[in-house]
Each structure stands twice: as structure tokens, then as C-alpha cells.
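Examining the three-dimensional arrangement
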Amino acid sequence: MKTVIYYFSGTGNTEKVVNAAADALRGHGWDAAACAIERAENVAETVAACGSIGIGYPVHAFNAPASVIRFAEELPAQEQPKPFYIFKTSGEPLALNNISSCKLRAVLEKKNYVFQSEYHYVMPYNIIFRHTDKMAYRMWETAKRLIPIDCADLAAGIPAAKKSFPFGSALAWIMRVEHWGGRWNGKMYSVDESCVHCMKCVKTCPTHNITYENGKFCFGGDCLMCMRCAFHCPKNAIKIGLFNKWKVNGAYSFLPPAAEEEERHKRYCKNSYEKYFEDARRRVLASGGDFPDELRMPAAEEEDDLSARATE
Ligand SMILES: Cc1cc2nc3c(=O)[nH]c(=O)nc-3n(C[C@H](O)[C@H](O)[C@H](O)COP(=O)(O)O)c2cc1C
């Protein structure tokens, strides 16, 4: 089966996931590729040649980002039903994230694309707070173990849908204020004096929303709030408007940390993420894979102990 996973990834998490998924699907004999939406060419022809398509995105305010909805709206309608599947990432395993594909699915289904499956992986936050390296490592190692299991199901045609949420579509509709709010807030971005004018932000902004003229940066009205500019700024020089307190700067290594780290959100993380890792562990072990103990959330007392040592 020929398939392309069209994806948007602000800061790289979703890109890692869809690349791993394309790899896993190739292992099942699929002719699978991953293609960033912002670099997609000849989409109509490619989609026509595919037996199914995938969409990959990071959850933004319990929705798909505006660029992903726009991409779906521009896809050609199909005469014959064409299956589609979704790979998404989010910073937290919140049940409310289940509503994030409502609009995307509605747009695609109107064009005769038929929903097959949706897969969700928790990856480190690129806004709100910085996860520890240990947590980022745990998330990626977990996703790497889940993706092949999900892709085996996808290749076998086993459907997978997220549990619905009461008033999910209505809630998602309200939360899509983020699409408009992001554009508005984006105009308030600014650059401080630590900027070394490397132009990384200008060159990598997915909507070409950042321009540089006469020694000044201008942030236009087409911001996706994807965080690519601020997250990857080598000098942490970009201020992200009203959300600056939630900014996260610097790529995650996804490697095990070399030293003990201070975990400022340990209680919160324990409560919020433990079930995700335990469910993942059960699935991985049931499929005959390995899930080392280091990928499990430590018991709360042990975590207190580690944090105390890191701050000593
Ligand atoms: C504007 C914005 C809104 C977000 N909203 C959510 C959310 O509603 N739920 C969630 O769990 N994570 C949320 N996140 C976190 C991202 O979904 C998560 O870090 C994702 O893995 C980033 O993927 P990327 O690196 O491919 O952009 C949000 C991130 C941004 C930048």
C-alpha cells in the first residue's frame, strides 16, 4: 500500500513520531513516506496514487493547528472513499485531547476520506513548562515502543478511535479561538538585546511570518503559535507575547540525563502521566516487547528523594 503521512510539527516531536511510523509501516511492506505540510508538492497527484493517507499534528489547545485544518481544506475531494489515519502528539495525556481531531475529521469526511484510526503519543511540552530530560527520554522511548504496535494494527486494517467526549465538538469549536488568538498574540512577539541576528527564526518560521528589515524584526499576523522560533532560538531572545511565562527554550536531547535533575513538577507529573506510562507498559509487554523499569514513573517517595539529591 502506498501512503504518505502529511504532518505539521512546530518543534520536532510530531516529526519524530511520524518518521518512526513511516519506518514501521515500511516494515509491513507499505510504501510509506512522511512529508511536512509546508514542503508538500503535487499533493493531488500523490494522494491519488496513495491507497490511504495519514495526517500528523501536535495538539494545540485541544485542536489540530490551523495549518493542518487549512491543508485538509485544500485536499482534493475523492470520488472513491479514501481511508485516512491520524498520528498526533501532545504534552499531556489529558482525556480532553481526545476531541482534537473533531474539526479535521469533519473536513476530511466531507471530501470522502474515510476515518480509519487515530494514534496519540505524549511528548514533551514545547510551551507551559519544560519537562526534565528524564521525562522527555521516558516519553520518546515509550512512543518508540508503541508506534510499531499501532502500525501493525494499522497495516492489518484494525480500526482505532479515541473515546468520545461529551460535547466534544462544541468544546473543540470554542477552543479553536486559539487559531485566531495565536495570530493576534503573534504580533506581540519581540526580540531582546541578546539576539545575535542569526536569522534562524526568519528562515524556519513555517508561515514566513517573521521578517527582518533595517535591523528590525517584524512579527506579522500569520503566527501558528507553533513555538518553532522561540523554542529553537540559540540565545533564547524571543518573547512570545502574553504567553512568555510559559515559554520553553532549547531542544530536548531525548537521551537519559547525565546527572540527577531537579523536578519542579514532580507531583503534577506523577498524577498526570503515570497512567499513560502504565497503560503503555501493559501494551508493550502484551505484544512481547520490553519496557524497562526506568521508563515507569518512580514512586512518589523515590521521586522526592531524587529531587532532594538534585538540589543538594
Ligand atoms: C499553542 C500550543 C498549544 C498546545 N496545546 C496543548 C493541548 O491542548 N494539550 C496538550 O496536551 N498539549 C498541548 N500543547 C503541547 C504540544 O502538543 C506538544 O508539546 C507537542 O508534542 C508538540 O509537538 P511538535 O514538536 O511537533 O510541535 C500545546 C503546544 C502549543 C505550542
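Cut-offs used in this document
- Residues numbered from 1 in each chain as written.
- Predicted model: local features only at pLDDT ≥ 70, side-chain atom pairs only at ≥ 80, totals over all residues.
- Heavy atoms only, no water.
- Helix = DSSP H or I, 4+ residues; strand = E, 2+ residues; numbered from the N terminus.
- Contact = heavy atoms within 4.5 Å.
- Polar contact = N/O pair within 3.5 Å; in protein donor to acceptor, adjacent residues only side chain to side chain.
- Axes fitted to C-alpha atoms, helices over the stretch in contact; angles between N-to-C directions.
- Left-handed = near helix turned anticlockwise from the far one by under 90°.
- Nonpolar A, V, L, I, M, F, W, Y, C, P; charged D, E, K, R; others polar.
- Near = heavy atom within 4 Å.
- Areas by Shrake-Rupley, 256 points an atom, 1.4 Å probe, with all protein chains shown as cover.
- Core = buried A, V, L, I, M, F, W, Y, C linked by side-chain atoms within 4.5 Å.
- Buried < 20%, exposed > 50% of the residue type's maximum accessible area, 1.4 Å probe, protein only.
- Phe/Tyr/Trp six-rings, centres within 6.5 Å; stacked < 30°, edge-to-face > 60°.
- Lys NZ or Arg CZ within 6 Å of the ring centre and 35° of its normal.
- Patch = residues over 30% accessible without salt bridge, like charges linked within 9 Å, V, L, I, M, F, W, Y side chains within 5 Å.
- Salt bridge = Lys/Arg side-chain N within 4 Å of Asp/Glu carboxyl O.
- Pairing = 2+ DSSP bridges.
- Parallel < 35°, antiparallel > 145°, perpendicular 65-115°, else oblique.

Before going further, it helps to spend a moment on the environment of Tyr-121. Within the secondary structure, Tyr-121 is located in strand 5 (residues 113–122). Distance from Tyr-121 to Asp-31, taken between C-alpha atoms, is 23 Å for residues 90 residues apart in sequence. In this view, Tyr-121 contacts Val-17, Phe-87, Lys-88, Thr-89, Ser-90, Ala-143, Leu-146, Ile-147, Asp-150 and Tyr-276; residues no more than four positions away in its chain are not counted. A polar contact of 2.5 Å, which involves the side chain of Tyr-121, links it to the side chain of Asp-150.

Here we take up the packing of helix 5 (residues 133–155) against helix 10 (residues 266–286). Here helix 5 crosses helix 10 at 35 degrees, and the two axes come no closer than 10 Å. Crossing geometry of helix 5 relative to helix 10 is assigned as left-handed. Touching Met-135, Arg-138, Met-139, Thr-142, Arg-145, Leu-146, Ile-149 and Asp-150 of helix 5 are Cys-269, Tyr-273, Tyr-276, Phe-277, Ala-280, Arg-283 and Val-284, all from helix 10. For the contact of helix 5 with helix 10, a count of residues per class yields ten nonpolar, one polar and four charged.

Below, the discussion takes up the site of the ligand. Close contacts around the ligand come from 24 residues, with Ser-9, Thr-11, Thr-14, Val-59 and Thr-89 the closest. Ala-61 has a polar backbone atom sitting 2.8 Å from a nitrogen atom of the ligand. Within the backbone of Glu-92, a nitrogen or oxygen atom sits 3.0 Å from an oxygen atom of the ligand. In isolation the ligand offers 650 Å² of accessible surface; the protein chains occlude 96% of this area. Here the shell around the ligand is composed, by residue class, of ten nonpolar, twelve polar and two charged.

What follows covers the nonpolar core. In this structure, Phe-87, Tyr-121, Ile-147, Tyr-189, Ile-238 and Tyr-273 are the most contacted members of the largest nonpolar core, which totals 61 residues. Per-element accounting of this core gives the leading share, eleven residues, to helix 5. For Ile-147, the residues in contact, after removing those within four places along its chain, are Val-17, Ala-20, Ala-21, Ala-24, Tyr-121 and Trp-140. In this structure, Val-4, Ile-37, Ala-64 and Tyr-113 belong to the second largest nonpolar core, which totals 28 residues.

Moving on, we come to the packing of aromatic side chains. Applying the stated criterion across every chain yields a total of 16 aromatic pairs. Taking the centre distance of 6.4 Å and the plane angle of 65 degrees together, the rings of Trp-140 and Phe-254 count as edge-to-face. Residue Trp-140 is found in helix 5, and its partner Phe-254 is found in the loop between strand 9 (238–239) and helix 10; the two are separated by 114 residues along the sequence. Each member of the pair Trp-140 and Phe-254 is classed as buried. Through successive ring pairs, a cluster of aromatic residues spans Trp-30, Tyr-85, Phe-87, Tyr-119 and Tyr-121. Arg-105 extends its terminal NZ or CZ atom over the ring of Phe-115, reaching a point 3.6 Å from the ring centre. If you follow Arg-130 out to its NZ or CZ, it ends over the ring of Tyr-252, 4.4 Å from the centre.

Taken together, Val-177, Trp-180, Trp-184, Met-188 and Leu-242 make up a surface patch of nonpolar side chains, about 560 Å² in accessible area. Structurally, Trp-180 is set in helix 7 (residues 177–186). Given the relative accessible area of 52%, Trp-180 is considered exposed.

Another aspect to go through is the sheet that holds strand 5. Here we have five strands laid out as an open sheet, ordered 2-1-3-4-5, and parallel in their pairing. The open sheet terminates on both sides in strands that have one partner only, identified here as strand 2 (31–36) and strand 5. Sheet twist, expressed as the mean angle between neighbouring strand axes with direction ignored, is 20 degrees. The sheet contact formed by strand 1 (residues 2–7) and strand 3 (residues 52–58) spans five bridges and is parallel. Within strand 3, the residue paired with Tyr-7 across the bridge is Gly-56. Lying on the sheet, helix 1 (residues 13–27) is in contact with strand 1, strand 2, strand 3, strand 4 (82–90) and strand 5; it crosses strand 2 at an angle near 165 degrees. Against the sheet, helix 4 (residues 102–110) makes contact with strand 3, strand 4 and strand 5, and its axis sits at roughly 165 degrees relative to strand 4, the strand it touches most.

We now examine the packing of helix 1 against helix 5. Any two packed helices are characterised by the angle at which their axes cross and by the distance between the axes. Helix 5 packs onto helix 1 with a crossing angle of 40 degrees between their chain directions and a minimal axis gap of 9 Å. Comparing their axes, helix 5 and helix 1 come out oblique. Seen along the crossing, helix 1 lies across helix 5 with a hand that is right-handed. In this structure, helix 1 uses Lys-16, Val-17, Ala-20, Ala-21, Ala-24 and Leu-25 to contact helix 5, whose residues at the interface are Trp-140, Ile-147, Pro-148, Cys-151 and Leu-154. Its residues assigned to classes, the contact of helix 1 with helix 5 shows ten nonpolar, no polar and one charged.

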